[in-house]
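Below, each chain spelled out in residue letters.
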Amino acid sequence: MIWLLALQLSVPPQQQHYDNAEADLAKMQFGPADEEVDSALRLDPNFIPALVLKARLALFAHRPDIAKSCLIKAVIVDPSSENAQFFLGMFYYLQNDFTLGITPLEKARALSPKAPLPPFYLAMSKEAMGDASSALRFYQEAEALSPEKTPQTAAILVAHGRLLYSLGKFEESIAKDQLAIEADNQSRDAFYERAKGLEHQSKYEAAAADGERALTLPELGTSDSQIHFLLGNIYLKLNKPDLAAAHLAKFRAAPQTTQR
Amino acid sequence: MKHPLRLLAPTLGSAVRRPGPQKVIRFVAILGLLLVPVQPFLGQIPDAPAPAHRASQSTAAAGSGVSSRDGYVGDEACQGCHQEKFETYLRSAHHLASRLPSRTSINGKFTPGSNILRTSNPYLYFVMTATKEGYFQSAVAKFPPFETISRKEPFDLVIGSGRKGQTYLYWKGDALFELPVTYWTETDRWINSPGYPDGLPNFDKPIISRCLECHTTYIGSLPPPLNRFDRSSMVLGITCEKCHGPGRKHVVRNRSKIPLRPGEVGDIVNPASLSRDRQMDVCALCHAGPGTPKAPAFSFVAGGVLGQFLSLPDNAPDTPADVHAHQVQQLSSSRCFRSSSMTCTTCHDVHKPQRDVASFSEHCLTCHSIESCGRYSTMGSKILRDCVNCHMPLKQSNQIFLDTDDRQVKPQVRNHRIAIYGQNELP
């Protein structure tokens, strides 16, 4: 008992605040979580886990400026932190600063060669920069490192399939989407992408079924209006003008936004 | 510059954990479809005024000022003798002001695709689910790249008849909170609850007794915090006794068939026989804004002087009152009201649903003739059923708004100041 108490007392206070922040976050108490992170950073301004967590909270709250400064500080304080390097690379990717993201993602990949996310974000960054061959290589690497049937695996497969679709490799693209659905049957993106592929192969009934299924899934990513637009076109080809008109009307009524 | 999450902390779950007056005020200001700011609740609530301090009461039951439920019997006791009124009242918005959750009481859809509220935050959405265990709202937050956290709370109470919308509450022990997603009737879809900024997962808005004073018939309060209640004491909906006072004596006497002796004061409040001011007080409890409490919630009883329980804003006639929950002040500032003996019940029959706006015109025409209307010369008898739309136009509430899709939704509420409005003031 005394030993346990001593162990508890040995937890540094900044770590205690960080643990509290994690606990608050798990309960969706974002404000208190942020306060706890700040308390940890007041005690130790270079505490890497707290800097990374603060950056992630800031990203959620649409404050990329804060996220960026925390992550840059984290990689300066500890360049060997795989987490800090990866999140900085991911941050740049989310901000469309693909070139800036490559270096930290490469460092994260080198620091943790078994992790699938650094090559995944490298693949998406390379794809965005127009380097399809590098992107395909990184997608394959990410896929190989993520054999489990999880939403993460599904996201890697969907992104890979999307690139194959844009390269005109429709069979391979649909195969990736199929694997993605097997990995996560709640993946809205996977059903939407497979619907696109099936439409391209003139398999309109199956494409419509996938599109309708995608509409019922809550996952973020593909927007309702994207799916309505696709379904509108598919139903036109199926000679179902009423259904097509209904979906296209919903597409037109949806708020047009540049934010996904 | 403060961090955004710090700025949002009051709405991110700290309202109860770290209570602050402004947080509670801001929440109450936009809670439901009837409620507005109530800062005074944050201070100590004084005891109910002693009966001796009250103005004369028209009945023995009126204005007892005691929040005990000893004399109350519930709607069922009224049904036997007042069957016709009872049946129509069951469909009224007052009766449906609060209910337990069920397939019929919740108007929002739970079918896949219709059960999702997406937000302006690309990392957050809400899902409404109906399961064998009950009805639930879940907030799902996605942290890039692949971390998901979610929080699920049950629909425990349904607030609102659904005419404009419904807000939902949940219990955490004996503390009551607002759920983050509301149903909005006009668009037939889920929307952020009043007071919740779009794009944030928040389940921690406390519900205080003044909210429930108008959305339920009764619930007993527990020691602070102010959103703690005795769940077992809850009487949902606005029931007969909210306007008629406690009915036990009345029921006992009538079941015993003991007639009132000549000169004996009745043992139940009949609002129609109250003085005009006392009649208006019955409605003003909930239709004149939140006011400043002078006594605990639920201590006012029909027939009493409301001013001894609640201090209400007294809008000058030329002050444009907000149309939400200030109907009594608006009506009181009308020439029709000031030059007649009309009350709310001149037009409203609270014992039944009244949805046909045009039909209210017949009440106007008991005093006015259509020939006296300035529009009669051009429109003729077509204006016969349009009195209300022109002289009591719909107006957007400035106190209730819901954030969604980067804009605010404001309900349209009937302006109760009866007047001649300019063309630019009409919807």
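Data block above holds the structure.
Let me sum up the structure you'll find in this document. Predicted, not measured: the structure shown is a model, and the values here were computed from it.

## Looking at the side chain of Ser187 of chain A
Residues and elements named next belong to chain A. With respect to the element layout, Ser187 can be found in the loop between helix H11 (170–183) and helix H12 (188–200). Judged by its relative accessible area of 9%, Ser187 falls in the buried class. Ignoring anything within four residues of it in the chain, the contact list for Ser187 reads Val158 and Leu217.

## What to know about the pattern of salt bridges
All names here are of chain A. Using the criterion set out here, one finds 21 salt bridges over all chains in the structure. Across the salt bridge formed by Asp38 and Lys54, the nearest N and O atoms sit 2.9 Å from each other. Taken together, the positions of Asp38 in helix H3 (residues 30–43) and Lys54 in helix H4 (residues 48–60) put the pair 16 residues apart, joining distant regions of the chain. As far as the burial class goes, Asp38 and Lys54 line up, both buried. Of the charged contacts, one joins Asp210 and Arg194 as a salt bridge, the two residues approaching to 2.6 Å between their closest N and O atoms.

## Some remarks on the packing of helix H5 (residues 64–77) of chain A against helix H6 (residues 82–94) of chain A
Residues and elements named next belong to chain A. Two elements in contact, H5 and H6, have axes whose closest approach is 9 Å; the angle formed by their N-to-C orientations is 145°. The handedness of the crossing between H5 and H6 comes out as left-handed. Taken together, the residues of H6 that come into contact with H5 (itself represented by Pro64, Ala67, Lys68, Leu71, Ile72, Ala74 and Val75) are Ala84, Gln85, Phe87, Leu88, Phe91 and Tyr92. Grouping the amino acids of the contact of H5 with H6 by side-chain chemistry returns eleven nonpolar, one polar and one charged.

## Examining the nonpolar core
Counting residues in hydrophobic clusters, the biggest one holds 76 residues, and the most contacted among them are Phe30 and Phe120 of chain A together with Phe155 and Trp190 of chain B. Counting residues per element, this core draws most heavily on H4 of chain A, which supplies ten residues. Core analysis: the second largest hydrophobic core is formed by 24 residues, Ala154, Leu157, Leu198 and Leu217 of chain A among them.

## Some remarks on the sheet that holds strand S5 (residues 147–154) of chain B
Residue and element names in this part refer to chain B. The strand order across the open sheet built from four strands is S2-S3-S4-S5, with neighbouring strands paired in antiparallel fashion. Two strands bound the open sheet, and with one partner strand each, they are strand S2 (116–118) and S5. For this sheet the average axis-to-axis angle between neighbouring strands, irrespective of direction, equals 20°. With three bridges joining them, S2 and strand S3 (residues 124–131) adopt antiparallel strand pairing. Bridge assignment links Leu117 to a residue of S3, and that residue is Phe126.

## Some details on the packing of aromatic side chains
Throughout the structure, instances matching the rule amount to 26 aromatic pairs over all chains. Relative to Tyr121 of chain A, the ring of Phe86 of chain A has its centre 5.5 Å away and its plane inclined at 80°; by these criteria the two rings are edge-to-face. Of the two residues, Phe86 of chain A sits in helix H6 while Tyr121 of chain A sits in helix H8 (residues 117–128), which places them 35 residues apart along the sequence. In this pair, the class of Phe86 of chain A matches that of Tyr121 of chain A, namely buried. Centre to centre, the rings of Phe110 of chain B and Tyr135 of chain B are 5.3 Å apart; their planes meet at 50°, and the pair counts as tilted. With Phe110 of chain B in the loop between strand S1 (98–99) and S2 and Tyr135 of chain B in strand S4 (residues 134–143), the pair connects residues that are 25 residues apart, well separated along the chain. When its relative accessible area of 19% is taken as the criterion, Phe110 of chain B is described as buried. Residue class for Tyr135 of chain B comes out buried when judged on its relative accessible area of 16%. Ring pairs connect the aromatic residues Phe86, Phe87, Tyr93, Phe98, Phe120, Tyr121 and Tyr139 of chain A together with Phe146 of chain B, which therefore count as one cluster. Of note, Lys196 of chain A hangs over the ring of Tyr165 of chain A, and the distance from its end group to the ring centre comes to 4.9 Å. The cationic tip of Lys152 of chain B hangs over the ring face of Phe136 of chain B; the distance from NZ or CZ to the ring centre is 4.7 Å.

## So, the interface of chain A and chain B
By a widespread convention, an interface's size corresponds to the accessible area lost as its parts come together. Between chain A and chain B, the contact holds 44 residues from the first and 37 residues from the second. Buried area between chain A and chain B, summed over both chains or domains, comes out near 3600 Å², and the portion from carbon and sulfur atoms is 61%. Taken as a group, Met28, Phe60 and Leu220 of chain A account for 22% of the area that chain A buries against chain B, more than any other trio of residues on that side. Counting across the chain A and chain B interface gives two salt bridges. In this structure, the salt-bridge partner of Glu147 of chain B is Arg56 of chain A, at a minimum N-O distance of 2.5 Å. At the junction of chain A and chain B, the tally comes to four residue pairs in polar contact (both at pLDDT 80 or more). Those elements giving two or more residues to the side of chain A that touches chain B turn out to be helix H2 (13–26), H3, H4, H6, H8, helix H10 (151–166) and helix H13 (204–216) of chain A. With seven residues, the top contributor of residues to the side of chain A that touches chain B is H3 of chain A. In terms of residue class, the side of chain A that touches chain B is made up of 25 nonpolar, six polar and 13 charged.

Parameters at a glance
- Residues numbered from 1 in each chain as written.
- Chains lettered and ligands numbered in written order.
- Predicted model: local features only at pLDDT ≥ 70, side-chain atom pairs only at ≥ 80, totals over all residues.
- Heavy atoms only, no water.
- Helix = DSSP H or I, 4+ residues; strand = E, 2+ residues; numbered from the N terminus.
- Buried < 20%, exposed > 50% of the residue type's maximum accessible area, 1.4 Å probe, protein only.
- Contact = heavy atoms within 4.5 Å.
- Salt bridge = Lys/Arg side-chain N within 4 Å of Asp/Glu carboxyl O.
- Axes fitted to C-alpha atoms, helices over the stretch in contact; angles between N-to-C directions.
- Left-handed = near helix turned anticlockwise from the far one by under 90°.
- Nonpolar A, V, L, I, M, F, W, Y, C, P; charged D, E, K, R; others polar.
- Core = buried A, V, L, I, M, F, W, Y, C linked by side-chain atoms within 4.5 Å.
- Pairing = 2+ DSSP bridges.
- Phe/Tyr/Trp six-rings, centres within 6.5 Å; stacked < 30°, edge-to-face > 60°.
- Lys NZ or Arg CZ within 6 Å of the ring centre and 35° of its normal.
- Buried area = accessible area lost by both parts, 1.4 Å probe.
- Polar contact = N/O pair within 3.5 Å; in protein donor to acceptor, adjacent residues only side chain to side chain.

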